Amino acid sequence: MTLFSRPHSLFLKKASFIAIFLLVQLTFSQNTPITISGESRTSSDFFKELKEKSGYSFFYLDDWIDDLEIGRDFENTPISEILETVLSGTQLNFYILEKEKRVFLLQNTVVYDELPPSFYQIKDSIGNTAVAENRGNLPPPIFYSQEVSQTAQRLPLIRIGKADQQNLRPTYTLSGRIVNAVSGEPIPDLAIRVKGSGRVSVTNGQGEYEMELPAGYNVISTSAMGIRDSEREVIMYNDGILNLQLQESLEQLQEVVVEADAVSNVEEAVSGSEEITSEESKDIPLVLGERNILEVAKALPGISSAGEGATGLNVRGGKTDQNLVLLDDAVIYNPTHFFGIFQALNPFTTEKVNIYKGAPPVEFGGRLSSVLDIETKNGDTQKISGEGSIGPVTGNLALEIPIKKDTSSLIVGARGAYADWILKALDEESLNNSEASFFDGIVKYHHKFSENSEIRGTAYYSKDNFSITSDSIYNYSNRLGSVRWAHKLSEKSTGVLTASNSNYNFGIDYEDEGNSNFELDYAINESELRYKLNTRLNEVHTLDYGLSAKYYAVEPGSVEPKGANSNVEPVSIDREQALEGALFIGDEFKVSDKLLFNVGARYAFYAAMGEATQNTYQEGAPRSESTVQDTVSYNSGEFIKTYGGPEARVSARYLFTPDFSVKASFNNSYQFIHTLSNNTTVSPIDTWKLSDLNIKPQKGYQATLGFFKNFKENMYELSLEGYYKRMDDVLDFKTGADLLLNENVETEVLQGEGKAYGVEFLLKKNRGNLNGWLSYTYSRSKYRFDGPTGEERINNGEFFPSNFDKPHDLSVIANYKFTRRYSISANFVYQTGRPITYPVGTFRFNNADYVTFSDRNKFRIPDYYRLDLGINIEGNHKKNKLAHSFITIQVYNVLGRNNPYSVFFVTEDGEVKALQSSIFGVPIPSITYNFKF
């Protein structure tokens with residue numbers, strides 16, 4: 001039986017013959033060998049000759065092939081193979097119509113002349129199988145949307161990747177690097193969003209990003225603090241790279257609060273972090289008109305100080321020594337001048353400060369409470385520019401100098417004070433002959449070798465001299481330097497190598513009419529080497545990992561007689577040395593678009609080293625000279641005692657909606673260095689003590705939970721965050737302790753436990769004529785010292801409030817712009833009075849009167865509140881001016897509130913009297929002239 005009748009069989013034979021003939025013709029035509037030279041020829045000439053020799057017509061735009069480099073000859077090679085070779089590595093494909101003898105060059109895309117094998121089934125971006133609708137897994141159709149944000153900069157359409165019929169996917173990977181168009185600096189924490197899909201990616205510290213985009217047409221938008229929003233149409237044909245240069249948002253620089261992107265407060269996993277730019281202190285009225293980024297930090301929830309004019313910050317109930325303050329990666333031990341009234345940072349060279357109150361980045365360690373990472377600006381690489389100010393107390397100047405255009409620059413800043421008149425103006429006769437002065441200077445060099453490598457170096461020095469009595473001159477200084485080399489190892493990995501050195505010292509120069517003149521000196525020095533790598537493994541995992549090593553050298557103090565007639569005996573305390581190191585690794589793990597984890601592990605190691613002698617004491621007895629059991633000597637470099645252990649950094653974010661999230665975090669840390677102080681507030685002559693055989697490192701644990709919400713396209717930010725912190729082996733002093741120049745200082749201190757907890761509320765308005773923020777914190781900070789003997793107990797071993805325990809803390813910052821040139825500002829602060837120890841009675845013994853005191857910190861000084869007002873006047877905005885000016889007229893403490901700094905007690909005529917001291921008990925007006933060129 002046959003399948004077809006004879007006519008049908010004959011028809012099939014003819015049809016088969018014709019098909020075979022056409023196939024042979026097609027194959028022969030496309031594979032006709034051609035010999036052509038491509039060496040040292042322009043692409044245009046090459047294609048002209050190819051046209052002549054092949055007999056094919058070519059269709060393309062000239063600018064598509066302008067950058068083609070042929071670079072080789074072809075001998076007896078089919079035209080299809082020639083085109084495959086020439087166009088490989090480019091965004092161009094080709095399609096040949098053999099019958100018409102035409103060749104079409106195609107930009108990115110391909111022409112399909114048959115259905116792909118997966119025509120009936122495709123997989124979507126999350127792996128679900130779906131039925132295709134007439135297109136198989138071809139890229140989706142391109143629809144050009146006319147919808148454009150009125151506030152965003154619309155950038156030209158761009159095509160990404162080269163379509164490949166063998167690699168058709170529903171999504172493709174887009175990666176790249178985003179930099180500032182003016183400075184060339186990478187833009188970190190910039191959000192890249194795919195409109196209509198909910199996909200979001202964030203740039204890392206090097207401005208790099210990676211994200212999955214649906215195949216075909218997309219609109220991506222970018223937004224970041226201080227950067228103009230942009231939108232760009234992108235057509236994805238394959239994986240590819242898109243590098244962007246974005247413009248700054250000049251309008252934002254006129255706001256008190258630079259707009260914070262939703263990424264930082266809603267979408268990132270890390271909680272308890274704040275970023276403050278130097279510009280934020282520009283319009284905020286502060287004492288004597290001096291910009292102070294650290295004072296702005298105190299207006300944020302969870303950050304305070306012991307009182308007006310107090311040095312140091314207390315973050316979430318922690319002591320001032322529990323903050324790691326970095327200036328361009330180097331530790332600065334005292335970042336303030338003039339008893340804490342002024343910052344020791346030049347506001348015109350400072351770019352920003354990142355504050356981490358919760359789980360800090362995994363590379364940071366050595367402190368329990370917070371990290372303040374202060375970053376200096378890079379200088380302008382295009383032209384010389386500068387900024388300065390003249391105020392009632394200080395003069396300030398910063399210059400940006402290009403060394404090589406687009407490549408390297410120098411920024412130099414210097415400040416000086418003429419503050420003696422303030423002390424003379426205070427209503428205190430004992431201060432009339434006092435004096436005070438300070439200065440600081442900074443130099444930063446930045447050099448960009450290429451897109452993949454850059455180096456920066458910073459040198460800083462500050463010094464304070466003050467005399468508040470007629471016989472003593474005090475001085476203290478900071479000196480630091482750092483070098484940072486950032487380099488790109490591959491498309492997915494970058495590395496940063498940092499070397500730094502820091503030094504802090506203070507001295508007392510004492511002279512009187514007798515023979516007791518002396519000079520006292522103290523110094524602490526540390527050097528650190530750190531190498532950190534960042535690797536973006538894929539869309540889900542981004543790793544940070546590395547190691548660090550630090551060396552401490554402390555000169556605990558020495559006294560030398562001054563002058564030939566001095567009868568002071570020289571004293572010198574043995575030098576202390578120690579090593580501190582860490583290994584760390586962290587992973588930002590994206591479970592889904594809603595759930596994000598940032599987890600990290602860090603192992604901290606510490607070793608106290610000789611040459612030194614250490615006492616051992618009788619077990620169960622209070623430490624004193626009478627309970628010394630043995631004295632052990634250690635050779636130079638020998639380990640005295642080692643400490644260390646693992647540290648965790650865990651943060652999680654769940655995104656309920658694009659503008660509402662909940663975050664939680666946990667971290668623990670070790671601190672191997674302590675301050676020794678028996679003052680209520682921090683003093684410039686407080687000393688730092690290393691952990692050793694008798695003093696253990698501090699340990700801390702903190703857990704947080706917070707809710708973050710944005711309104712009206714990020715115009716408003718709202719956050720509510722709670723925390724609980726526990727601290728072990730924190731240091732305090734015994735009553736009547738003598739800490740300075742004490743060879744056995746461990747006999748004067750106690751180590752106990754602490755706890756702190758609170759709730760922080762923040763409402764910000766980022767844009768509009770009226771902007772600013774309101775912050776409120778309810779917090780408690782308590783300590784307990786419960787030793788085996790009464791001498792080692794405070795308040796009978798019960799928890800008591802710390803010196804800086806202030807349950808209620810309210811701050812309101814507001815700025816209203818009438819026009820682009822005129823605005824008014826206000827700053828209101830209310831705080832619960834800090835704890836204090838009062839005398840509660842007297843008794844008579846051996847014909848002498850003595851005072852009995854209450855339990856430590858049982859009472860409180862009066863509550864603190866203050867209102868500051870300011871008027872800000874911008875110069876005109878003409879473009880061609882020698883310099884642009886800005887005048888601030890401010891009044892600090894408008895209400896004249898006599899806020900107590902401390903309460904002390906004196907005996908007069910047999911009676912104990914309480915006296916109150918204040919720093920600024922009257923309104924303080926100031927006028928500051930700022931200029932920029």
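All figures in this text were calculated on a predicted structure; none of them were measured in a lab. (Residues numbered from 1 in each chain as written. Predicted model: local features only at pLDDT ≥ 70, side-chain atom pairs only at ≥ 80, totals over all residues. Heavy atoms only, no water.)

**Student:** So what exactly am I meant to see when it comes to helix α3 (residues 79–87) here?
**Tutor:** Turning to α3, its buried residues are I79, S80, I82, L83, V86 and L87. The buried residues of α3 occupy one face: seen down the axis, they fall within an arc of 160°. Positive backbone phi, approximately 80°, marks G89, located one or two places after α3. (Buried < 20%, exposed > 50% of the residue type's maximum accessible area, 1.4 Å probe, protein only. Helix = DSSP H or I, 4+ residues; strand = E, 2+ residues; numbered from the N terminus. Arc of directions from axis to C-beta.)

**Student:** Which parts of the structure should I look at to understand the pattern of salt bridges?
**Tutor:** A side chain of one charge can pair with a side chain of the opposite charge when the charged atoms of the two come close. In this structure the tally under the stated criterion is 38 salt bridges. Measuring nitrogen to oxygen at the nearest pair gives 3.8 Å for the salt bridge that ties K383 to D380. Counted as one network, the salt bridges with shared partners bring together E274, R316, K357, E721 and E760. (Salt bridge = Lys/Arg side-chain N within 4 Å of Asp/Glu carboxyl O.)

**Student:** Just to check I follow, could you spell out the sheet that holds strand β4 (residues 92–97) for this structure?
**Tutor:** Pairing between the strands of a sheet is mediated by backbone hydrogen bonds and can be parallel or antiparallel. Spatially, the three strands line up as an open sheet ordered β2-β5-β4, and their pairing is mixed. Whereas interior strands pair on both sides, the edge strands pair on one side only; in this sheet they are β2 (57–59) and β4. Averaged over all pairs of adjacent strands, the angle between their axes in this sheet comes to 20°, without regard to strand direction. Note: β2 against strand β5 (residues 102–107), three bridges, orientation parallel. In the sheet register, S57 faces β5, and the bridge partner there is R102. Contacting β2, β4 and β5, α3 runs over the sheet at an angle of about 165° to β4. (Pairing = 2+ DSSP bridges. Axes fitted to C-alpha atoms, helices over the stretch in contact; angles between N-to-C directions. Contact = heavy atoms within 4.5 Å.)

**Student:** Which parts of the structure should I look at to understand the confidence of the model for the protein?
**Tutor:** The predicted coordinates ought not to be read in detail in places where the model reports low pLDDT. Model confidence for the protein is summarised by a mean pLDDT of 81, while 83% of its residues fall at 70 or above. The spread of mean pLDDT over the elements of the protein runs between strand β7 (residues 129–131), the lowest at 35, and strand β21 (residues 330–331), the highest at 95. In this model, residues 118–152 is a region of pLDDT below 50 whose contacts with residues beyond four sequence positions or in other chains number 57 contacts. Across residues 250–263, where pLDDT falls below 50, the model places 57 contacts with residues more than four positions away in sequence or in other chains. (pLDDT = per-residue confidence, 0-100.)

**Student:** How should I be thinking about the pairing of strand β59 (residues 924–932) in this particular structure?
**Tutor:** Each regular strand carries side chains that alternate between the two faces of the sheet. Summarising the sheet, strand β26 (residues 385–390) and β59 pair through four bridges and their orientation is antiparallel. Counterpart to G388 in the pairing with β59 is F931.

**Student:** Got a minute to help me understand the nonpolar core in this structure?
**Tutor:** Taken as a class, soluble globular proteins show a tendency for nonpolar side chains to be buried jointly. Judged by nonpolar contacts, the single largest core of 45 residues is most densely connected at Y333, F342, I524, Y606, I673 and L690. Of all the secondary structure elements, the ones that give two or more residues to this core are β20 (323–327), β29 (435–450), β32 (493–510), β33 (518–536), β34 (541–561), β37 (595–609), β40 (639–657) and β43 (687–690). When residues no more than four places from it in sequence are discounted, the contact partners of I524 are Y333, S502, N503, Y504, A553, V554, I673 and W688. In this structure, I284, L313, I355 and I442 belong to the second largest nonpolar core, which totals 28 residues. (Core = buried A, V, L, I, M, F, W, Y, C linked by side-chain atoms within 4.5 Å.)

**Student:** Would you mind going over the packing of aromatic side chains with me for this structure?
**Tutor:** Both the distance between ring centres and the angle between the ring planes are used here to describe each pair of aromatic rings. The full count for this structure, using the stated rule, is 21 aromatic pairs. On the numbers, 5.1 Å between centres and 75° between planes, the contact of Y333 with W688 is edge-to-face. Highlighted residues: Y333 in the loop between β21 and β22 (336–337) and W688 in strand β43, separated in sequence by 355 residues. Looking at Y333, the relative accessible area reads 12%, which means it is buried. Taken together through their ring pairs, the aromatic side chains of F46, F47, F58 and F74 make up a single cluster. A cation over a ring is seen here: K663 above F708, with NZ or CZ 4.5 Å from the ring centre. For the cation-ring pair, K755 lies above F799, with the distance from its terminal atom to the ring centre recorded as 4.4 Å. (Phe/Tyr/Trp six-rings, centres within 6.5 Å; stacked < 30°, edge-to-face > 60°. Lys NZ or Arg CZ within 6 Å of the ring centre and 35° of its normal.)

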